[in-house]
Structure formats: structure tokens, C-alpha cells
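Residue strings, one per chain:
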2 protein chains.
Amino acid sequence: MPQKRTAFFISDRTGITAEMLGHSLITQFEMVDFSEVTMPFIDSVEKAEAAVAKINARGASDGARPLIFSSLVNPDVSAVVARANALFLDCFETYIRPMEKELAVSASHAVGRSHSAQNFENYHHRIEAVNYSLGHDDGASTRELKEADVILVGVSRCGKTPTCLYLAMQFGIRAANYPLIPEDFANRQLPGQVKNLRDRLYGLTIKPERLQQIRNERRPNSTYATLSNCEFEVREAEAMMRRENIPFLDATSKSVEELATTIVHEGKLVRRIY
Amino acid sequence: MPQKRTAFFISDRTGITAEMLGHSLITQFEMVDFSEVTMPFIDSVEKAEAAVAKINARGASDGARPLIFSSLVNPDVSAVVARANALFLDCFETYIRPMEKELAVSASHAVGRSHSAQNFENYHHRIEAVNYSLGHDDGASTRELKEADVILVGVSRCGKTPTCLYLAMQFGIRAANYPLIPEDFANRQLPGQVKNLRDRLYGLTIKPERLQQIRNERRPNSTYATLSNCEFEVREAEAMMRRENIPFLDATSKSVEELATTIVHEGKLVRRIY
């Protein structure tokens, strides 16, 4: 039986950073059966003490010390959590010290930088980009396609929409998408609406077997979802993207994060938020 | 003049973890003028050498050593990058060693865990949740509201849509949203479609001044966007949420991450992905 452990992600704020870092670290130990618990908004000594009680109780019931990934900024709160009966891994102080030395200045140790002016601007960019991407999903509106930072093209259900939303949400990029459909293949040319925006096009493709599976969940037993139709559409779409010199990625075994990051990186897109 | 530095976020994969951690750390040094550069997919010694050349060139032009936040998993690649003329901060090895000691097993040091079965499942949950949230935006479809994990309610343009999409994208939660409109206030009751789903409702509110600003960008000089109308709608919506015992948050000065995390945490929602 694999050993059972609990990983706690604990933060003064949302805990998303501690969670992402901690989660990627524990996936390096596949032989351990991990449970994951996020404790956000631990911003007082009282809350820290309550958290420690929970962590210690969990360790007792697991029969093994929990792991704590902490991005706590407040040193008083952090000191309380560090006393839990657990392996305490500090994702903040570990780096702040060498950074202070390198930069020859002191860190502010301020929680909640998200309310600063820069983050207000980030918020605005993100909302604008999300609204833009929602309004330009699946060719829904072609009016302002010229304002897109990138336009994803590909067959229906190949993953364009979630990739666009991730680009908008994570990077503040205005990502539209436009489907390639059998009519375009018959015409052997790009849809008129995107033909003159070729430098902004980025393609997605997918393995026909996977596409069939996805389409079949949406419209069971339709012609649209047959393997032969999926094979045809994917073959034609890839041929068109090659002919038109549109760079494209295979979405079959890539996560949305990987697709979006690759498009930003290879397309040299300028992100609006960090 | 503030000192100028460049922070590099470098990774075998997307770099999103190194970027989030590094970005939150550098915001602790507001007196330093940081540029941020992400270098994803550095998965070979050759790419690492090219990255080091760029980092060193940047340090020379800045006139100060860059900072490197690395989540490189491959020790050979990492060793190359560590030799750059920069402060090298290792977001992987720093934790792997104490974790190995605590767990009494060795880490796999495998890159690209995202292709494992768990991550395929995550992908599926995320896409399902995003599709669900898109299909149930702004009361677009009430057919399957019963399948929602949470239904956000609030006045038009208070931030429901981006919060829903973040819930879907980050946590795999099926988040629908339903607007509260003047008709509901006149009836003094919740819209019929959500009345019987009260335990799944979560409210958002916003300061009338901020709402006016947002609405005015959308529909300049409309009655909809006047301050008096915004004040009326917000007052009525808050009164209704109090009357109906619907928990609610003020979105005015919170980031989308904070809103989403708070809703998951306080609403005790079960996330489907990590």
C-alpha cells in the first residue's frame, strides 16, 4: 500500500501560487498517495492557529506528517504555521533573503499587492480580453476581427475556445477564433473574413480519433461525428494551413496551458498582464 | 533613478508556475524597476545554452545581474542555466531534497507530468466546465441550471462572467450566472429559474460608481449607465440577496482570482481539477 500524505497549500491570499508550485512538486512523487488541501486567506495569528490545529489533526489521522507549502508573507503568521507538526516548505522567505542581498534593498513584506494600480490595470486588460474573446468565439462576430492579437483557426471542436479563453485570462491577449468548415475546404481557400489577416492566424489541429470522441459526446451518432468525416476535415484543414503558411499545433495531447504558452511564445505575442 | 533589473522565468514546460511565484516575489520590491521575461520549453542543453547567452546579454545591457526563477526539472539543463551570470533561484531542487528526505523516496525528476492520466482527466473536466459556463452565461440557457455547482447572481456588469470562467478554468467548477434585473426588483423576488436553487446561489455586488464607469464604456450615455440607475440596481440587488440569505461579495476591489477562490472556499465547493 502506498504511503498516504496530505499536502497543505497555505497563503495570506488566494493560495494559487503555493498550490501550483506544491502541486507540480508532489507530482514528482507518484508512489505517494497525496491528498491536497488549500487554505487561502490565512491573514491573522488566530486563523493560523486554527489552521495548525487542522493540519495536526490530519497528520494524526493519516499516521504521517503533512507537507505544508506556504506562501505566507506575514512573518508572525508564518511563524505560527511553521510550528505545526509537518514539513514546512516556505515558498516566500526562501527567496526573499537572497533577493534582498542581491538587490541591496529590503522587501516590503506587504500582503495583497493585488490592489495596487498595476493590478487594477491588469484587471481591466483581462476583462477586456475575456469579453473580446467571448464576443469573437466561433466566428460569432467578425466586425472587430482586425482588433484581435491572434485568431485561432481549425476544425470545429479542436480546442479553439478554451485556448482563446486561457490566452485572454492568463495573458490579457485578445484571442478570437474562427472555424474552418467543409465549405472552406470545397473552395480551397480561407474564409473571406480572415483571409486578409493571415499574419494573425494560428492553427490548431487534433487527431481524428480524438475529435470523433469529442464530437460524439456533443452530437451522438451524427455524420458530423463519424471517424471518416473527422479524418476528412482534419486532413483538409491541415492541408489548407500548410498551403497558407499558417503555423499550427496539435492539441491532442497538450494541455490548454501548453497550447496557449506555445502560441504566445512562437507567435511572439505581447502579453498585457502578468 | 530606480535600479533596473530583469527577471527571467525559465522552465522545461510552460513556465507558468515559475512566473507566478517569481512575479509575486518581485512585487515585494516596488523600488526596483523590473522587466519580466518568460522562457518556456527549455528542454535541452542546447536551448539552455542559448538562454544563458540571452540572459548574460541582458545583464550586460541592464548593467546589473538578472534574477532567474527556474522550475527546470532536468538536472543537466538546470546545471547549464545555473552558470549564467545571474542570481539563480531554484524553485524545484530547493524543495525536492527535503521532500525526498521526508517521504523517504526519490523524486522521479520527470518533465511533463501533464500528459499523465490524471491530467487528461483534468483537461476533460476543465473543458466540460468551460463549455458549461459559456452555455450558461447571463441566463443564456436555463435548461441545465440544476447541473451547476454554483450560480452567480448580481446586476448586469458586476463581474459574473469572468469569475465564472475563472472558476471553470482553474477549478473545473460548473459555474453558471444569472442576472438580477429591474423586473426582479419590482416583483421583489428571485427570478423563477433560480428560485428553487437557492443553496447554489452566490452573489456579487459592486460599488455604483465603478458600475457606472463599466456600463458607460459599453453603452455610453444610456439610462442603463447613469449613476442613479446603478445606485438603484445595486441597492435593490443587495437588499434582495440579504432578504433571501444569499451570501455575496463586493467585486469592486477584488481580483478575479480572489473572488473565485473566496467563493470556492466559503461556498465549500468541490474542485474537480488541480
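Residues numbered from 1 in each chain as written. Chains lettered and ligands numbered in written order. Predicted model: local features only at pLDDT ≥ 70, side-chain atom pairs only at ≥ 80, totals over all residues.

### Some remarks on the nonpolar core
Next, step 1: Grouped together as the largest cluster of nonpolar side chains are 86 residues, with contacts concentrated most on Leu167 and Ala168 of chain A together with Leu167 and Ala168 of chain B.
Next, step 2: Once residues within four sequence positions are removed from consideration, Ala168 of chain A is found in contact with Ala129, Val130, Tyr132, Ser133, Ile173 and Ala175 of chain A.
Next, step 3: Core analysis: the second largest hydrophobic core is formed by 72 residues, Leu25 of chain A together with Ala48, Leu67 and Ala86 of chain B among them. (Core = buried A, V, L, I, M, F, W, Y, C linked by C-beta atoms within 7 Å. Buried ≥ 20, exposed ≤ 12 C-beta atoms within 10 Å, placed from the backbone. Contact = placed C-beta atoms within 7 Å.)

### Quick notes on the relation of the copies chain B and chain A
Two chain copies, one operation linking them: a rotation about an axis together with a shift along it.
Next, step 1: Between chain B and chain A, which share one sequence, the superposing operator has a rotation angle of 180° and an axial displacement of 0.0 Å; the RMSD is 0.1 Å. Viewed as a symmetry operation, the transformation between the two copies matches a two-fold axis. When C-alpha distances to the rotation axis are compared across chain B, the minimum falls at Thr17 of chain B, with a value of 3.6 Å.
Next, step 2: Of the residues that chain B buries at the interface, 100% are likewise interface residues in chain A, meaning the two copies contact each other through the same surface. (Least-squares fit on C-alpha atoms with pLDDT ≥ 70 in both.)

### Comments concerning the sheet that holds strand β3 (residues 67–70) of chain A
Residue and element names in this part refer to chain A.
Next, step 1: The strand order across the open sheet built from four strands is β2-β1-β3-β4, with neighbouring strands paired in parallel fashion. At either margin of the open sheet sits one strand with a lone partner, and together these are β2 (33–39) and β4 (87–90). Pairs of neighbouring strands in the sheet enclose a mean axial angle of 20°, with direction left out of account.
Next, step 2: Sheet analysis places strand β1 (residues 4–10) next to β2, joined by seven bridges and oriented parallel. Residue pairing in the sheet places Arg5 in a bridge with Phe34 of β2.
Next, step 3: Sitting on the sheet, helix α1 (residues 16–26) is in contact with β1, β2 and β3, with an inclination near 155° to β1.
Next, step 4: Against the sheet, helix α3 (residues 75–82) makes contact with β1, β3 and β4, and its axis sits at roughly 170° relative to β3, the strand it touches most. (Pairing = 2+ DSSP bridges. Helix = DSSP H or I, 4+ residues; strand = E, 2+ residues; numbered from the N terminus. Axes fitted to C-alpha atoms, helices over the stretch in contact; angles between N-to-C directions.)

### Concerning the interface of chain B and chain A
You'll often see interface size given as the accessible area lost when the parts meet.
Next, step 1: Tallying the contact residues gives 53 residues for chain B and 53 residues for chain A.
Next, step 2: Listing elements by their share of the side of chain B that touches chain A, those giving two or more residues are α1 (16–26), β4 (87–90), α4 (93–103), α5 (117–135), α6 (160–171) and α11 (256–266) of chain B.
Next, step 3: Its residues placed into classes, the side of chain B that touches chain A shows 28 nonpolar, 17 polar and eight charged. (Nonpolar A, V, L, I, M, F, W, Y, C, P; charged D, E, K, R; others polar.)

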